[in-house]
Each structure stands twice: as structure tokens, then as C-alpha cells.
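Close look at the chain arrangement
If you want the building blocks of each chain, they are given just below.
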Amino acid sequence: MDPAPHQKEFLACPTPSPGTVLVNDRICVQTEENQRVIFVHGVAFSHYSIEDRSAEAYAMVMLFEEGYADQNDIARCLGYSARSLRRYQERLRAGGLSALGRPRGRPAANFPVRKEIHQRDRTILRLKAKGMSNRWVAGRLGLSETAVRKSLRRLGWKPCPEPDLNLPFPPEADSQAEQPPVLASKLVETPPSAAEPTPRKMAHPQNNSAAKSLDSNPLDRSMDRLLAAMGLLDDALPVFAPTRNLPRAGVLLAIPALVASGLLATAEKIYGGLGPAFYGLRTTLVAYVLLVLLRIPRPETLKGYPPGELGRIVGLDRMPEVKTLRRKLARLASLKGSHQLGRDIARHRIAERGKVLGFLYIDSHVRAYHGKHTIAKAYVTRMHLAAPATTDYWVNDQRGDPLFVITADANTAMTRMLIPVLNEVRELLGPRRRSTVVFDRGGWSPKSFRNLLAMGFDILTYRKGRTRHIAENRFTPHKARLDGRQVKYLLHEQPVRFLQGKLRLRQVTRLTGDGHQTPILTSRWDLRVIVVAHRMFERWRQENFFKYLREEYLIDALTDYQVEPDDPTRSVPNPARKAVEKELQTARAHLRKLQEHYGATAIDYIDGDTLSPAGFEMAEEKNRMAIDKAKGRIEKLEARRGSLPPRVPLADARKGQEVVKLSTERKHLTNVLKMIAYQMESDLVELVRPHYKRVDDEGRTFIQMAMQDTADIEPTEDELRITLAPLSSPHRSRILEVLCQELKDEDAFPGYSAANALFGYIHVLKQKADRSSTAHVRSSEIRNFSAKTGRS
């Protein structure tokens with residue numbers, strides 16, 4: 001809106017004086033008579049006479065090297081070319097300020113360049129050789145970081161190779177010949193007396209129980225970060241500071257379950273480490289799992305959480321943030337160990353929780369893809385359409401807890417994935433252990449059933465296709481108490497045969513109140529009929545797990561944008577044949593409409609309402625011609641379809657397009673970590689089950705609230721005391737007290753001992769008057785676990 005005529009501008013924009021040229025928003029050049037002044041941010045940067053070409057050339061070079069403007073803008077505003085500015089820059093670097101003056105006579109063909117390094121360059125290289133950062137060097141010399149970076153690139157500087165922590169002694173002198181051709185140590189000649197002594201290498205913290213942090217202040221880990229930058233630290237040790245009302249510190253209740261899961265030991269065996277880093281392998285895995293349990297929606301939302309508060313929970317000054325977390329996951333994914341990690345975790349879980357593996361639920365989970373690449377499609381049930389997606393096959397135990405996951409190649413159907421998945425299960429269970437596999441109609445295949453029975457598995461699934469209706473008076477009521485609750489069904493049982501009588505199975509049919517009949521097939525003849533029906537309908541536990549995972553554990557959303565080459569020889573449906581079938585379907589629909597119109601015309605003529613004999617003959621002839629034409633088109637399309645192969649190689653199906661598929665390694669790694677987080681929640685829920693009547697409805701909600709609880713952390717000489725605040729209601733605070741008491745019992749987590757803990761074992765000391773829960777950790781145990789308590 002324009003201001004009123006009587007109003008004046010509050011801050012009027014000053015009019016540039018004559019002779020003023022704006023280079024950019026920071027630099028302006030003002031010329032009066034034969035004098036010229038260059039201003040940077042309103043401050044005089046250079047003042048010289050127009051006739052002094054050396055001063056002008058020096059001013060242009062300094063403007064560029066300080067990073068105030070680029071070459072093109074500077075040269076254009078002062079009437080030079082960018083090539084001239086680069087020439088001045090080379091002259092100043094080679095011969096100093098005197099070289100900027102125009103030499104007498106004709107210039108030589110090759111301008112002489114001094115071979116010795118400029119004093120400023122020697123200073124930069126000397127500071128870089130001492131391990132200083134570009135920002136520190138720029139601040140010391142009064143330059144910009146960009147100028148330092150360009151000087152290093154021009155000099156061909158490369159960082160010295162990182163020291164190998166596995167070598168007990170420094171490398172021999174002969175190894176210098178294998179280093180890159182240009183190093184800071186070669187460009188800067190340092191007298192022997194000025195050379196710094198070789199620092200002693202720190203012992204690997206994972207292998208030395210007495211390893212300690214060199215930082216006395218837990219809130220300032222500068223020394224550990226420096227050691228990590230120097231290649232002397234593989235992972236920062238936890239150092240706790242006294243803290244009051246620390247939000248989300250209740251997530252430390254999950255530490256015993258995390259240790260019992262075997263994740264840390266298994267990951268160290270597979271990956272070894274991430275190299276010298278402040279956030280090493282242990283810290284990365286612990287941080288990621290705890291962030292999952294804290295319901296951080298996605299890595300980008302970490303920007304909304306104070307990194308200092310999250311870092312104090314794990315004994316660090318800061319929690320790894322978005323870029324660091326993504327970089328660490330990319331590093332782990334590049335090692336290609338996620339599948340072995342998942343198998344080893346599943347094997348550990350089976351050894352600890354083998355009693356719940358009598359029934360295994362197998363189902364696929366489709367993850368839709370909304371990117372720009374062309375990948376295989378899959379049917380997304382919740383969207384009711386086929387869309388670009390990838391398919392993961394999960395195996396859950398009879399409680400619904402995940403056991404392991406496999407990513408299918410090109411969205412392979414369940415009928416083809418059952419055998420590979422159960423081969424993995426057989427390796428985990430052993431050759432003699434028998435289990436019942438429960439899956440939905442997507443795995444229906446009598447031939448596959450016979451193969452599964454030969455592998456030593458029993459089957460339990462829905463029957464697919466039309467079945468004979470059973471009279472309602474043949475159903476009998478059954479009721480029992482299973483899994484702690486009362487169940488009641490109307491059931492009918494009968495034997496059925498498939499594959500021309502070679503496969504004999506047991507069919508149990510359920511009758512609902514609306515008369516719907518649901519047939520179930522199984523090879524288990526020893527189970528009660530109500531147990532068969534109950535285990536089949538409990539398959540929804542796995543569906544609830546998928547929904548829970550999608551809504552609660554979203555930290556891996558958009559975790560990977562990468563693609564990888566797909567197999568060009570992989571057989572896929574022929575897209576040309578599919579297009580012909582679509583045209584054929586449209587042509588047949590058009591033929592049906594013509595036939596309906598022909599019948600309606602004949603009925604109208606018989607009724608004698610609208611058509612005369614001559615009109616009927618004309619309409620009949622017209623309809624017959626249209627029908628014959630439609631039939632001819634259908635015959636041509638059928639002949640064309642018959643000439644096309646049903647399946648072709650992927651490279652032929654995507655001519656002119658890149659043959660790629662989504663990279664699955666990083667996503668599989670995050671799936672394994674989320675699976676472990678879900679198992680940890682399940683273990684904590686089972687601990688409070690005997691004491692919480694509504695555990696089936698509110699168990700996970702209670703665990704979630706407990707992990708979000710505020711706590712006080714008080715490190716002392718011999719223990720780490722964690723005091724949890726009361727929850728929203730007294731009965732939940734009492735359950736929290738019971739949970740802490742259960743964590744005190746070593747039998748709560750089989751295989752858990754003080755020698756394997758991360759921060760130490762959590763014990764309950766006492767119950768305060770405010771009903772808060774207090775736990776402590778022995779510092780002697782912490783030292784054994786490569787952790788350390790500290791005071792601020």
C-alpha cells in the first residue's frame with residue numbers, strides 16, 4: 001500500500017554520489033577526480049591514485065583473497081578482465097608488491113616465477129602441520145577461511161596420514177616414501193630442534209578397562225574431541241555430570257535391556273569400530289536406540305531438542321546431531337554388515353527367549369516410495385493401489401515381538417519368499433527344532449506347503465478360494481483361557497486333501513455372528529481346535545506391530561535417498577504385453593456395450609413402441625457392423641498379445657531408463673535397531689505384567705511415559721545415583737518403583753552380568769517420601785564397562 005501524501009519515509013534510502021560503483025552488497029568504489037577509495041562494509045579498505053596501477057592491482061588481489069567478492073565482479077567494476085586479475089595475483093604471489101608494476105620493454109613470453117614459497121604460505125603450512133584447523137589459521141593471520149583453503153589447494157597440501165592405533169610403535173622412516181607426493185612436512189622445512197616429539201598413542205578404550213577420559217569437566221569434552229581429531233581416540237567414554245531435573249533421563253531404564261540384547265558385543269565383533277572418532281561405534285548405537293525409544297520422529301527433528309540435555313543422558317557433552325548421525329549410519333552401511341548383525345541378534349534372542357518360538361508369524365510390510373526414480377511396484381494395502389515400493393518380510397514370535405527381517409528383491413511374492421525366509425529360520429533354530437509357521441492368504445500354495453513340511457515346519461494359514469458351505473448346526477462352541485484372557489469361538493473341524501490326495505491337512509472353520517465362515521488350514525493334528533483358531537487370529541499382533549513401528553518409531557524416515565544398480569537380466573512382466581492387455585480389456589468392454597445396445601433395440605422393436613420394420617433393419621445392420629468391427633479389433637489384439645512374451649529382462653523393459661533399485665543396506669540397519677528397541681520395550685513390559693492389571697492396554701504407554709520421565713543424576717565416588725520424578729498418577733509411580741525393583745534382580749535379563757553392562761547395573765536404593773524412584777550404579781562396575789563418572 002502506498003503511503004499517504006502527508007507521510008514521509010522514516011528511513012530514506014540515500015542517493016549514491018556521482019562516481020560511486022557498487023560491486024556487491026559489501027563493497028563500493030568511489031572515484032573523485034584522480035583519487036579512488038574502496039569501501040568494505042562502509043569502512044575504507046584502500047585509497048590510491050588512479051594513475052597508480054600497482055596500488056589498484058594490489059587492492060583487487062586483496063579483495064578477492066579476503067573473500068569479499070569474486071574475480072568477475074571486481075574486474076568488471078574496475079575495468080579489467082578476470083584474466084588480468086589472475087595475472088596480478090600470480091605476480092604478487094611470486095615477486096611481491098614490486099612485481100605488480102609494469103616492467104619496461106616488451107614482456108617476456110614466460111613470466112618468471114619464483115620457486116620459493118611466500119612467507120605467508122610458509123606460515124600457513126607450518127600451522128597446518130601442527131594440526132590447526134583452517135578457521136584457527138585464518139583467525140591467527142587475519143584472513144578468511146576461504147583464503148586459507150585456496151592457498152592450501154594451490155600449494156597442493158594434503159593432511160598427514162592418520163596414525164594406526166593398532167601399531168605399538170610409530171611407523172618407520174621408510175614408510176614416508178609411500179605417503180602422498182605433497183605433504184605439509186615436505187613443504188615446510190622444520191629444524192630438528194623445533195620438531196615436536198611424537199605423541200604417545202592412547203590405548204583403545206574398548207580393550208583397556210582402566211581407560212579414562214582426560215576431561216575433568218563432563219560438560220566440556222574438548223580434550224577428548226582433540227584426541228579423536230588426532231586419531232588417538234576411537235570412542236568417547238561416558239562421563240556424567242551432576243544434573244537436576246534432566247528431561248527424558250528415564251530412558252536409562254532401558255540400559256539393562258540394551259545390554260541383554262547383545263547389540264553392543266555383536267556390533268563390535270562385526271564392525272570392529274568406526275575408526276578414530278569422538279562418536280564411535282558404541283556411542284552411535286546407544287544414541288540411536290535411545291533416540292528411537294524417546295520417539296524422535298526423524299533425524300531432522302533433532303534440531304528441536306537441546307543437544308546438551310540429550311548428551312548428558314549418555315554421559316557426553318552433546319548428543320550427535322543430524323549430519324553426524326546420518327554420516328555414522330552411512331559409514332556403518334558401507335561396511336555391509338547389517339544382515340549379519342540381524343542374524344546374530346536373532347540367534348542371541350532365540351537362545352534367551354526360545355520358549356516363545358513355538359509359533360512364528362511371517363508377513364510382508366510394504367514401504368511406499370515417493371522419489372523420482374523408477375523402481376518396482378508393490379500393492380500397498382493401506383493405500384489400496386499399486387505404487388513404487390520395497391517389501392520387507394518380518395518374522396515375529398508368538399508374542400508378536402520381531403525376530404528378524406529380510407528385504408525382498410524386487411517385491412517378490414510371499415509364495416516365493418517363504419522358502420528363503422524359512423531357510424534362515426532353520427539356520428537359527430537348528431536342524432531338529434520344530435516350529436509352526438503362521439501366515440496369511442498371500443502365502444497360499446499347496447506345493448509350497450509340501451516343501452515346508454519336508455523342511456520340518458508345520459503350517460497354519462487361511463484357506464484361499466471358494467469352499468463348500470458348512471451347515472450352521474454342525475458348529476460347536478469352544479471356550480478356553482489362553483494367553484491370560486478368555487476366548488470363545490464357534491468352530492467346525494474336518495480333514496481335507498490337496499494335490500490329488502497327496503497332501504492331507506486339517507481344516508478348522510470359524511462361524512461369526514453374521515454367518516461368515518472363515519476356514520483355517522493347519523498340519524498340526526495334536527492341538528486343540530480352539531488353540532488352532534486362537535493362534536491364527538492372533539496374527540493381528542504382527543499387523544499391530546507394523547502399525548506401531550510406522551507410527552512410533554519414525555526416526556528412520558527418509559533415512560536413505562541412495563539407489564544402486566539392479567540386475568538387468570532379472571525377469572519382469574512385459575510392459576508392452578501389459579499395454580496390449582489393457583487395450584484388449586477396453587475393447588471387450590466396448591463389445592459388451594454394443595451387444596447390450598443390440599439387445600435393447602430388438603426388445604424395443606418386439607414391443608412395437610418406437611421402431612418400424614424399416615427402422616429396425618437399419619438399426620440392426622448398423623449394430624451388426626459395429627459388433628463385427630469390435631470383434632475384428634479384439635482378434636487383432638489377441639494375435640498381437642500372443643506374439644509378445646509374457647516376461648522379458650529388466651533391461652529390455654526399461655529401455656532408455658536407468659536400471660536401479662533402492663539401496664537397502666542403511667534401511668536394513670535401521671530396521672534391526674528399531675527391532676531391538678521394540679524388543680527392549682517388550683522385555684520391560686513383561687517385567688511389570690504381574691503387577692499391572694491393564695498391562696495389555698497400557699503397558700507400552702506406561703513404559704513410554706517412564707522413559708520420558710525427568711530425573712536427577714548425581715555421580716559420586718562409588719556410584720551413579722539416578723532419581724526419577726513421580727509419574728502422572730500414584731499407581732503409575734508405584735509401578736515404576738516395582739520396575740526398578742525388578743531391574744535389581746539379575747534373573748530378569750538372562751545372560752546379564754556386571755562384566756557386560758554399559759553404564760553399570762541399575763539398583764534400587766530406597767523410596768523417598770515424594771514417591772520418586774531412585775537407582776544407582778556402582779562406579780567400580782562402570783570402570784569395567786569403559787565408562788566413568790565425573791563431577792562438574
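What this report covers is the structure whose coordinates are included nearby. (Residues numbered from 1 in each chain as written. Predicted model: local features only at pLDDT ≥ 70, side-chain atom pairs only at ≥ 80, totals over all residues. Heavy atoms only, no water.)

**With respect to the pairing of strand S7 (residues 359–368)**
For clarity, the cut-off: The buried label goes to any residue with under 20% of its type's maximum accessible area, the exposed label to any with over 50%, and the partly exposed label to all in between, with areas taken from a 1.4 Å probe on protein chains only. Numbering of helices and strands starts at the N terminus; helices are DSSP runs of H or I of at least 4 residues and strands are runs of E of at least 2. Any two strands with at least two DSSP-identified bridges between them are counted as paired.
Along S7, 7 of the 10 residues are buried, which leaves the element largely enclosed by surrounding structure. Across 3 bridges, S7 lies against strand S11 (residues 435–439) in parallel orientation. Residue Phe359 lies in a different strand from S11, and its bridge partner there is Thr436. Judged from the 8 bridges that link them, S7 and strand S9 (residues 385–396) form a sheet pairing that is antiparallel. Bridge assignment links Ile362 to a residue of S9, and that residue is Val395.

**Here's the deal with the packing of aromatic side chains**
Defined as follows: Pairing of aromatic rings covers Phe, Tyr and Trp, the last counted by its six-membered ring, and requires centre-to-centre distances within 6.5 Å; plane angles under 30 degrees mean stacked, over 60 mean edge-to-face, and any other angle means tilted. We count a charge as sitting over a ring when the NZ of a lysine or the CZ of an arginine lies within 6 Å of the ring centre and within 35 degrees of the ring normal.
On inspection of all chains with the given rule, the structure shows 14 aromatic pairs. Between the aromatic rings of Phe45 and Tyr68, the centroid separation amounts to 6.0 Å while the plane-to-plane angle is 80°, which identifies the pairing as edge-to-face. On the criterion of sequence distance, the pair formed by Phe45 in strand S4 (residues 43–49) and Tyr68 in the loop between helix H1 (53–65) and helix H2 (71–78) is long-range, its members being 23 residues apart. When the ring of Phe545 is compared with that of Phe546, the centres are 5.7 Å apart and the planes differ by 50°; the resulting orientation is tilted. Of the two residues examined, Phe545 and Phe546, each falls in the buried class. The rings of Trp394, Phe545, Phe546, Tyr548, Tyr553 and Tyr678 are connected pair by pair, giving a single aromatic cluster. Just above the ring of Trp540 sits the side chain of Arg539; from NZ or CZ to the centre is 5.5 Å. Taking the ring centre of Tyr548 as reference, the NZ or CZ of Arg700 above it sits at 5.5 Å.

**Re unusual backbone geometry**
Residue His41 is not a glycine yet carries a positive backbone phi of 55°. Within the fold, His41 resides in the loop between strand S3 (35–40) and S4. A positive phi angle, close to 65°, is found at Arg295, a residue other than glycine. Looking at the element boundaries, Arg295 is found in the loop between helix H11 (281–293) and helix H12 (307–313).

**Description of the pattern of salt bridges**
Going by this rule: Salt bridge, as used here: a side-chain nitrogen of Lys or Arg that lies within 4 Å of a carboxyl oxygen of Asp or Glu.
All told, the structure shown has 43 salt bridges when counted by the stated rule. A salt bridge links Asp401 to Arg349, with the shortest nitrogen-to-oxygen separation between them at 3.7 Å. Of the two residues, Asp401 is situated in the loop between S9 and strand S10 (402–407) and Arg349 in helix H14 (residues 338–352); the sequence distance between them amounts to 52 residues. The burial state of Asp401 is the same as that of Arg349; both residues are buried. It is possible to trace a salt-bridge network through shared partners that takes in Arg295, Arg349, Arg399, Asp401, Glu552, Glu681, Asp683, Glu686, Arg689, Asp696 and Arg700.

**Topic: the sheet that holds strand S2 (residues 27–32)**
Note the threshold: Note on geometry: axes are lines fitted to C-alpha atoms, helical ones only across the stretch in contact, with angles between N-to-C directions running from 0 to 180 degrees. The contact rule is simple, with two residues in contact once any of their heavy atoms fall within 4.5 Å.
The 4 strands lie next to each other as S1-S2-S3-S4, forming an open sheet whose pairing is antiparallel. Both edges of this open sheet fall to strand S1 (20–22) and S4, since each of them pairs with a single strand only. Each strand of the sheet is rotated relative to its neighbour by a mean of 20°, with strand direction disregarded. Pairing of S3 with S4 involves 6 bridges; the strand directions are antiparallel. Residue Ile38 lies in a different strand from S4, and its bridge partner there is Ser46. The sheet strands contacting H1 are S2, S3 and S4, and the helix crosses S4 at an angle near 155°.

**Considerations on a positive patch on the surface**
Here is the rule we go by: Within this analysis, patches are made of residues with over 30% relative accessible area and no salt bridge. Like charges are joined at 9 Å or less; nonpolar side chains (Val, Leu, Ile, Met, Phe, Trp, Tyr) at 5 Å or less. Per-residue accessibility takes into account occlusion by the displayed protein chains alone, with areas from the Shrake-Rupley method and a 1.4 Å probe. Residues scored as positive are Lys and Arg, those scored as negative are Asp and Glu, and His as well as the terminal groups of each chain are ignored. Think of each charge as sitting on NZ of Lys, CZ of Arg, CG of Asp or CD of Glu.
A surface patch of like charges, here positive, comprises Arg122, Arg126, Lys130 and Arg140. Tracing the backbone through its elements, the reader meets Lys130 in the loop between helix H4 (119–129) and helix H5 (134–141). Residue Lys130 is classed as partly exposed on the basis of its relative accessible area of 47%.

**Overview of the environment of Gly371**
Structurally, Gly371 can be placed in the loop between S7 and strand S8 (377–380). Look at Gly371 and you get partly exposed, because its relative accessible area is 43%. Along the sequence, Gly371 and Pro388 sit 17 residues apart, while their C-alpha atoms lie 8.8 Å from each other.

**A few points about the environment of Phe240**
Tracing the backbone shows Phe240 in strand S5 (residues 239–240). The class for Phe240 is buried, based on a relative accessible area of 1%. Separated by 473 residues in sequence, Phe240 and Ile713 place their C-alpha atoms 7.8 Å apart.

**Notes on the side chain of Thr266**
Examined against the element boundaries, Thr266 turns out to sit in helix H10 (residues 263–271). We classify Thr266 as buried; its relative accessible area is 10%.

**Some thoughts on the nonpolar core**
Side chains that are nonpolar tend, in soluble globular proteins, to be buried together. For clarity, the threshold we go by: For this analysis, a nonpolar core means a set of buried residues of the types Ala, Val, Leu, Ile, Met, Phe, Trp, Tyr and Cys, connected via side-chain atoms within 4.5 Å.
Judged by nonpolar contacts, the single largest core of 84 residues is most densely connected at Leu263, Leu293, Phe702 and Leu739. For this core, the element with the highest residue contribution is helix H22 (residues 665–688), accounting for 12 residues. Filtering out sequence-adjacent residues up to four positions away, Leu263 remains in contact with Leu258, Leu285, Val289, Leu341, Ile345, Leu673 and Ile676. Residues Ala408, Val437, Phe439 and Leu503 belong to the second largest nonpolar core, which totals 31 residues.

**Quick notes on the packing of H14 against H22**
In helix packing, the relevant descriptors are the interaxial angle and the interaxial distance, both defined with respect to the helix axes. Let me state the cut-off plainly: Note that the term roughly parallel is reserved for angles under 35 degrees, roughly antiparallel for angles over 145, roughly perpendicular for angles of 65 to 115, and oblique for everything else. Crossing chirality is assigned from the near helix's rotation relative to the far helix, an anticlockwise turn below a right angle marking it left-handed and a clockwise turn marking it right-handed. In the scheme used here, Gly and all other residues not listed as nonpolar or charged are polar, with Ala, Val, Leu, Ile, Met, Phe, Trp, Tyr, Cys and Pro taken as nonpolar and Asp, Glu, Lys and Arg as charged.
As a packed pair, H14 and H22 sit with axes 9 Å apart at the nearest point and diverge in direction by 20°. Overall, the two elements H14 and H22 adopt an arrangement that is roughly parallel. Considering how the two elements wind past one another, H14 and H22 form a crossing that is left-handed. Contacts from Ser338, His339, Leu341, Gly342, Ile345 and Arg349 of H14 reach H22 at Glu665, His668, Leu669, Val672, Met675, Ile676, Gln679 and Asp683. Residue classes in the contact of H14 with H22 are distributed as 6 nonpolar, 5 polar and 3 charged.

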